[in-house]
Amino acid sequence: MNAGRDDDHRSESDDGSPDDDGSDRGDGSRGVGGGPGSCGRRPYLGVVGAAVASAAGCLGLGSDGAANAAPDDPGADDGPDGGSADEPDDGDLGTRHGIEFDRVLDAVDDLGLDPSGNDPVDDRLEDALSDGTLVRFPQGEYLLLGEVVIDADRVGVLGDGDARFVLPAGYTRLLFNYDPVPDDVLIENVDVDVRPDDTTTGIRLRCRNHFHIQDVEFLGRGTSESDGGTPSAFALAVNDEDGRGVLRDAVAKKGSRIDGYKEGNGRIGVWVGWSNKGTVRIEGCDFREFGNNGVYGSRTPGNVEIVDCYFLNNNATSARISGAGSYVENCTIEIDLSRYTGGAVDASDEFNTRAVVVEQGVQREGAPPLPAGAEIRDCTIRARSSPLSQSVVEQSPVARSLVVRDTEIRCDIDGTPAVRRGPVGALPYRPDRRRPPPPHWTELRNVTVDGDAAGGVAVDLRLAPGSAVIDCDIDCPGRDRDGVFLDHSPRSAVSGSEIRTDGHPIVVDADLTTPLDDHLLCLGVETVLERFGDDGSGVDLTAAVPFLRTLGRTAGTERICLGLGPAVPSLPDAESVSNSLRISVDALDGDVPIGRVLYRP
């Protein structure tokens, strides 16, 4: 099968672990918004040592400002880049990122940990992480032979300079885990080296109200499996509905293999599952080349905010979200396999590169449907080359509504829609994913769609009544490519937009059982429709075609609405929902729609 063809298949439990916390399903994300440059994860740590010394054991650092430079070196793994200095949190030397510490211990001077990477440090580090303790790691390499379990509140690890956790070859356990659920946990400014052979790890953190992870970079490509699948970079959750956890400036430039979906057990960047009831914010991160989603955040009743991130070449999708309170904002997302750094790609099975997927996720027995309201805003999305991309932005068959606004989408992949609303319905191979309740519409507002893709349609909306394309610019010069397809999506509207195509600017496939007084499509008369090389054979759809009629015009004739005409009941099998009438709208002559009948029963 192809990964995510109408939705992803995952063989494990919906949260990726038996106890609902994604222990082996971590989702690591490190992206930097704004474009294709790269931002390192150490913008300020030269001041850490001095601040610790002057505080006599209390830490006086920290800023919540996110990096916003763009990644420019898709193959680079471990070179720190510059940034700006942090400021103290509210002038309180014992507080960092809102977490109050009672003491700061030096990993080498106070705990006697080996910074040369020869002697293991995990047992003594775990013992040191008692309530209120921050452990500072001077520059060096620190060997871990087992996972560090966090079971206390207000604890943290902080690297000072180039601090790196190293692992032995063949290590596939977690780096950090928890038991029981702690609160106020900080992990900041450390590298995690997975470059030894057969080595993969991740960070699993679930807190009651708050965590903060910042400037964590995974070095190397994680592909090795453990008993529960390939450990992913991050598995994150917050218990309390008002709680908030932040993942900021995390980096994984060689996440796994892009063709490593592994029946849903491949490596994820950031996994946010059902145990999350609060808000997880993923900010300023850079995630590339994951085989099983860059951020998988659609199976949570909580919120997932993906902001200022950069994604490149992630299989299944780069960012996956659900409903109200979750969004992708100011991110740059690219699909371009000519820039893939992992060698030859097997795209014959479980392969499907998309930028964003919206779905309602797994709805547990007795749980209410997840609320509608997902948004994509202020993003730049480019799909340049891939053996298979179902769509660039995918509104899954199990998704509710979606708003895309103030966003640029370029698609150069033949036959691939820039935006697709999949036909609404349950997935036959996932009986736990039920047909979502309404609304099912798609709204594009101030969206630019362009690119050289040929064939297919740029905006493909199926079973999406009440959809709208408002103030958009859709330019499709590729051969035989249509602009907007409304398939059984009555009460939809196109206004204030310019749609120029080699195929048909707008195509409407009408269900013949639609009531005659229900409009199929309303067009703003200011809308510009152009079909390149049009032979002029189109006709007035409201006069010359007996199957359509004008239902009405708004005041000042600013909008014209089309409905089925009185001749429709005479069509063969008009009562059958399987039959449809397909028309194109190729131009507007004043307020007169000009087009063609493309199919009739």
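Model, not experiment: these values are computed from the prediction. (Residues numbered from 1 in each chain as written. Predicted model: local features only at pLDDT ≥ 70, side-chain atom pairs only at ≥ 80, totals over all residues. Heavy atoms only, no water.)

**Q** Can you lay out the nonpolar core for me, pointing to particular residues and giving the numbers?
**A** Formed by 118 residues in total, the largest nonpolar core has its most connected members in F234, F287 and I306. Within the second largest apolar cluster, six residues are counted, among which are I99, L134, L158 and L186. (Core = buried A, V, L, I, M, F, W, Y, C linked by side-chain atoms within 4.5 Å. Buried < 20%, exposed > 50% of the residue type's maximum accessible area, 1.4 Å probe, protein only.)

**Q** Report on the pattern of salt bridges, specifying residues and quantitative values.
**A** Taken as a whole, this structure holds 39 salt bridges when the rule is applied. When the shortest N-O distance is used, the salt bridge between R405 and D406 registers 3.5 Å. Looking at R405, the relative accessible area reads 27%, which means it is partly exposed. For D406, a relative accessible area of 31% puts it in the partly exposed group. Here D518 and R491 are joined by a salt bridge, their closest N and O atoms 2.8 Å apart. Of this pair, D518 sits in the loop between strand 39 (506-511) and strand 40 (519-524) while R491 sits in the loop between strand 36 (482-487) and strand 37 (492-495); the two residues are 27 residues apart in sequence, bridging distant segments of the chain. Under the relative-accessibility criterion, D518 is labelled buried at 16%. On the basis of relative accessibility, which here comes to 40%, the residue R491 falls in the partly exposed class. What emerges from the salt-bridge pattern is a single network uniting R244, R248, R281, E283 and E305. (Salt bridge = Lys/Arg side-chain N within 4 Å of Asp/Glu carboxyl O. Helix = DSSP H or I, 4+ residues; strand = E, 2+ residues; numbered from the N terminus.)

**Q** Break down the pairing of strand 11 (residues 185-193) for me, citing the residues and quoting the values.
**A** For strand 11, the tally of buried residues reaches nine of nine residues, placing the bulk of the element in the interior. Relative to strand 11, strand 9 (residues 163-166) runs parallel, the two sharing three bridges. Looking across to strand 11, one finds that F165 is bridged to V192. Alignment of strand 11 against strand 13 (residues 210-219), held across eight bridges, turns out to be parallel. (Pairing = 2+ DSSP bridges.)

**Q** Please set out the state of the cysteines residue by residue, giving values where relevant.
**A** Formally, a disulfide is one covalent bond, and it connects the sulfur atom of one cysteine to the sulfur atom of another. Per the counting criterion, the structure on display carries one disulfide. Free cysteine C285: the closest other cysteine sulfur is in C309, separated by 4.6 Å. (Disulfide = S-S within 2.5 Å.)

**Q** With reference to specific residues and values, describe the packing of aromatic side chains.
**A** Tallied over the entire structure, the rule returns seven aromatic pairs. For the pair F218 and F234, a centre-to-centre distance of 5.6 Å together with 90 degrees between the ring planes defines the contact as edge-to-face. Residue F218 is found in strand 13, and its partner F234 is found in strand 14 (residues 234-238); the two are separated by 16 residues along the sequence. Here F218 falls in the buried class, since its relative accessible area comes to 1%. One aromatic cluster is present, built from ring pairs that chain together F137, Y142, F165 and F176. Lying across the ring of Y296, R320 places its NZ or CZ 4.7 Å from the centre. The ring of Y327 has R377 lying over it, and the distance from NZ or CZ to the ring centre is 3.9 Å. (Phe/Tyr/Trp six-rings, centres within 6.5 Å; stacked < 30°, edge-to-face > 60°. Lys NZ or Arg CZ within 6 Å of the ring centre and 35° of its normal.)

**Q** So what's going on with unusual backbone geometry? Residues and values would help.
**A** If a residue is not glycine, its phi is most likely negative; likewise, a peptide bond is most likely trans. A cis amide bond links D179 to the next residue, P180, at an omega of -5 degrees. Relative to the elements of secondary structure, P180 occurs in the loop between strand 10 (176-178) and strand 11. The amide bond that connects P438 to the next residue, P439, takes the cis arrangement and shows omega of 5 degrees. In this structure, E350 takes a positive phi of about 55 degrees despite not being glycine.

**Q** Quick one: what's the story with the confidence of the model for the protein, residue by residue and with numbers?
**A** Per-residue confidence for the protein gives a mean pLDDT of 85; residues scoring 70 or more make up 81%. Within the protein, helix 1 (residues 48-55) has the poorest average pLDDT of any element, 36, and strand 22 (residues 310-312) the best, 99. Contacts from residues 5-72, a stretch scored under 50 in pLDDT, to residues over four places away or in other chains number 315 contacts. (pLDDT = per-residue confidence, 0-100. Contact = heavy atoms within 4.5 Å.)

**Q** Describe the environment of N209, with residues and values.
**A** Relative to the elements of secondary structure, N209 occurs in the loop between strand 12 (203-207) and strand 13. It is 9.8 Å that separates the C-alpha atoms of N209 and K277, two residues lying 68 residues apart in sequence. Not counting the four nearest positions on each side in its chain, N209 is found in contact with D183, V238, D240, G243 and R244.

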